[in-house]
Amino acid sequence: MSGCVDAHHHVWTLARGDYGWLTPALGPIYRDFSLAELGPLAAASGVTATVLVQAAPTVAETRYLLDVAKRSGGFVGGVVGWADLAAPDAIAALAALAADPLLKSVRPMLPDLPDVEWILRPQVQATLARLPALGIRFDALVKPAQLPALLTMLERNPDLDVVIDHGAKPDIAGGAWQPWADFMRAAAASPRAFCKLSGLATEAAANWTADTLRPYVAHLCECFGPQRLMWGSDWPVVLLGGGYARWHAAAGALLAELSSDERGAVFGDNARRFYALDVDPAPRPG
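Residues numbered from 1 in each chain as written. Predicted model: local features only at pLDDT ≥ 70, side-chain atom pairs only at ≥ 80, totals over all residues. Heavy atoms only, no water.

Section: the overall build of the chain
A tally of helices and strands in the chain yields nine helices and eight strands. For 286 residues, the compact-globule estimate of 2.2 N^0.38 gives 19 Å, and the chain sits close to it at 17 Å. Taken over 286 residues, the chain has a buried fraction of 56%. Working note: accessible area of the chain is about 11,100 Å², and carbon and sulfur atoms make up 56% of it. (Helix = DSSP H or I, 4+ residues; strand = E, 2+ residues; numbered from the N terminus. Rg over C-alpha atoms; globule rule 2.2 N^0.38 Å. Buried < 20%, exposed > 50% of the residue type's maximum accessible area, 1.4 Å probe, protein only. Areas by Shrake-Rupley, 256 points an atom, 1.4 Å probe, with all protein chains shown as cover.)

Here it is, written out as structure tokens:
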């Protein structure tokens, strides 16, 4: 497969000091990661463009990522950044970030917030309502506990383009299914809601196989259809779940029954469309 878009990956420099979640306990990923290291892994999987996603709840990190993207020679087609959506100056901060056309979306780190309904707070809603006019999408980093509030947010913001990261992180290792499955079906009823096929390997036990992930991937494909799913690596976090190549190959195998056009959509075209990436169209996989 060639010409893919990796719709979700990170880079980080530990010395920047704002990655509160990233501790030595995370072993293999507690070090610096750069595009120079990602490049060969992406190329080996046929990835020609990417979306770079925030990993720290600071505007400073978003500006760092925008600089990384600018210096990537077009490899990074867009950045998912961060701003405090509840702050009085949230709109001004987002407008300043959106002055850079590489800023495509905003992502609060909802699982790290104690209030599972934070996204429904009035000040946050006031900010969300302004995102479409700013040309900014919303990446929903959620776990199943935040899905009920997300469903309400989707109802309140019918004009907002939303993508649910990592399939909402179901507890695959624990064999959890409900209420995740029903919540995701309900989310998919919103026509502007997309879902990332990413982050699933790290929710499974270390000895996962494609069959381990199959019911979850099949459910997401049934709910969102191949026109609203987009593949992402979640590199370097995916190193905790088998690595880039293993996850890319598993996703390809799990979607093998789709048509060539449908696979092209999941592995590239949907990310280009959702994020309005200024990158070349993907050759159709054979």
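So, the nonpolar core
Within the largest apolar cluster, 84 residues are counted, with the highest numbers of intra-cluster contacts made by I119, F138 and F224. Element by element, the count of residues in this core is highest for helix α7 (residues 210-224), at seven residues. Every residue in contact with F224, bar those within four places of it in the chain, is listed here: I164, M184, A188, A193, F194, C195 and L229. V51, V53, A271 and Y275 belong to the second largest nonpolar core, which has 13 residues in total. (Core = buried A, V, L, I, M, F, W, Y, C linked by side-chain atoms within 4.5 Å. Contact = heavy atoms within 4.5 Å.)

Details of the packing of helix α6 (residues 180-188) against α7
In the contact formed by α6 and α7, the axes pass within 9 Å of each other and the chain directions differ by 25°. The orientation of α6 relative to α7 falls into the category roughly parallel. The two elements α6 and α7 meet at a crossing, and its hand is right-handed. Residues W180, A181, M184, R185 and A188 of α6 lie in contact with α7, whose contacting residues are Y216, H219, L220, E222, C223 and F224. Residues belonging to the contact of α6 with α7 are distributed by class as follows: eight nonpolar, one polar and two charged. (Axes fitted to C-alpha atoms, helices over the stretch in contact; angles between N-to-C directions. Parallel < 35°, antiparallel > 145°, perpendicular 65-115°, else oblique. Left-handed = near helix turned anticlockwise from the far one by under 90°. Nonpolar A, V, L, I, M, F, W, Y, C, P; charged D, E, K, R; others polar.)

Digging into the environment of I136
If you trace the backbone, I136 turns up in the loop between α4 (122-134) and β5 (137-140). Sequence separation between I136 and M230 is 94 residues, and the spatial gap between their C-alpha atoms is 18 Å. Those residues in contact with I136 that lie beyond four places of it in its chain are L94, A98, L103, K104, S105, V106, L131 and L160.

Topic: unusual backbone geometry
For the peptide bond that leads from Q178 to P179, omega is 5°, which places it in the cis range. Secondary-structure assignment places P179 in the loop between β6 (162-164) and α6. The omega angle of the peptide bond from W235 to P236 is 0°, so this bond is cis rather than trans. You can see P236 is positioned in the loop between β8 (229-231) and α8 (244-254).

A few points about the state of the cysteines
Taken as a whole and judged by the stated rule, the model has zero disulfides. Considering cysteine sulfurs only, C221 is the nearest to C4, which forms no disulfide, with 16 Å between them. The class of C4 is buried, set by a relative accessible area of 1%. A disulfide-free cysteine, C195 has its sulfur positioned 8.8 Å from the sulfur of C223, the nearest such atom. Exposure remark for C195: the relative accessible area of 0% places this residue in the buried category. (Disulfide = S-S within 2.5 Å.)

Here's the deal with the side chain of T62
Within the secondary structure layout, T62 lies in helix α2 (residues 59-70). Dropping the residues within four chain positions of it, T62 is found in contact with G81, W82, L97 and L103.

Quick word on the side chain of T50
Looking at the secondary structure, you find T50 in strand β2 (residues 47-53). You can call T50 buried: its relative accessible area is 0%. A polar side-chain atom of T50 sits 2.8 Å from a polar atom in the side chain of H9. Excluding its chain neighbours within four sequence positions, the residues that come into contact with T50 are V5, D6, H9, F75, V76, G77 and G78. (Polar contact = N/O pair within 3.5 Å; in protein donor to acceptor, adjacent residues only side chain to side chain.)

Examining the environment of A15
Mapping A15 onto the fold places it in the loop between β1 (4-9) and α1 (35-44). When its relative accessible area of 77% is taken as the criterion, A15 is described as exposed. In the structure, A15 is positioned 123 residues away from F138 in sequence and 28 Å away in space, judged by C-alpha atoms.

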